[in-house]
Amino acid sequence: MDYQNVDSTAPPLASATAIPVGKVTTEGHSSSPGGIEFGRQPMFIGTCPHCQHSGVTTRIKTYPVFETWLACGLLLLVFWPVCWVPLVTDTCKKTEHVCTQCEEMIGDVSPLSDCCVKRMG
Ligand SMILES: [Zn+2]
């Protein structure tokens, strides 16, 4: 009586199911030419890109824009006594940096662009 012993070799566990863990970092930050991160305070920049004046400190203009009024409108619906807060909060406004020499705009800070990140310094 022949009894054939089946050689059962276990197949190698091929873990070919690699889960892609690619973190997508496509955050749309404020467009700052030259990679300068503009803040809410006047900034010293090396050379003005418009008039090539060296040692320029920007002058800022902060004013309410559409998003500011949108925030006001939302707060008006949610909790109306604080609907004026965006109007006194720079974060909800737009800040423009202009050259003090040629009055050209060098960069700007979009509303709500710095509300979720910690301020440096
Ligand atoms: Zn300039």
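Residues numbered from 1 in each chain as written. Predicted model: local features only at pLDDT ≥ 70, side-chain atom pairs only at ≥ 80, totals over all residues.

1. Here we look at the environment of glycine 107
At step 1: Counting through the fold element by element, glycine 107 comes out in strand 5 (residues 105-109).
At step 2: Placed 69 residues apart in sequence, glycine 107 and phenylalanine 38 show a C-alpha to C-alpha distance of 6.9 Å. (Helix = DSSP H or I, 4+ residues; strand = E, 2+ residues; numbered from the N terminus.)

2. Quick look at the confidence of the model for the protein chain
At step 1: Confidence along the protein chain averages 80 in pLDDT terms, with 65% of residues attaining 70 or more.
At step 2: In the predicted structure, residues 24-30 sits below a pLDDT of 50 and forms six contacts with residues beyond four places in sequence or in another chain. (pLDDT = per-residue confidence, 0-100. Contact = placed C-beta atoms within 7 Å.)

3. Topic: the sheet that holds strand 4 (residues 94-98)
At step 1: The strand order 3-4-5 describes an open sheet built from three strands, whose pairing is antiparallel. The two strands at the open ends of the sheet, each matched to only one other strand, are strand 3 (59-63) and strand 5. Between one strand axis and the next, the sheet turns by 20° as a mean value, whatever way the strands run.
At step 2: When strand 3 meets strand 4, the two strands line up antiparallel, connected through five bridges. Bridge assignment links lysine 61 to a residue of strand 4, and that residue is glutamate 96. (Pairing = 2+ DSSP bridges. Axes fitted to C-alpha atoms, helices over the stretch in contact; angles between N-to-C directions.)

4. So, the environment of valine 56
At step 1: Structurally, the position occupied by valine 56 is in strand 2 (residues 54-57).
At step 2: A count of 23 C-beta atoms within 10 Å places valine 56 in the buried class.
At step 3: On a C-alpha basis, the gap between valine 56 and valine 98 in space is 9.7 Å, while along the polypeptide they are 42 residues apart. (Buried ≥ 20, exposed ≤ 12 C-beta atoms within 10 Å, placed from the backbone.)

5. Let's talk about the pairing of strand 2
At step 1: Where strand 1 (residues 44-47) lies against strand 2, three bridges are found, and the strand directions are antiparallel. Following the sheet pairing, isoleucine 45 is matched in strand 2 by valine 56.
At step 2: Linking strand 1 to strand 2, which pair antiparallel, is a turn of six residues; within it glutamine 52 sits at a positive phi near 60°.

6. What about unusual backbone geometry?
At step 1: Phi is positive for glutamate 103, close to 65°, though the residue is something other than glycine.
At step 2: Positive phi outside glycine occurs at leucine 112, with the angle close to 65°.
At step 3: Here leucine 112 is to be found in the segment after strand 5.
At step 4: Assessed through the 17 C-beta atoms surrounding it within 10 Å, leucine 112 is described here as partly exposed.

7. Examining the environment of valine 82
At step 1: Secondary-structure assignment places valine 82 in the loop between helix 1 (66-78) and helix 2 (85-88).
At step 2: Taking the C-alpha atoms as reference points, valine 82 and cysteine 72, separated by 10 residues in sequence, lie 8.3 Å from one another.

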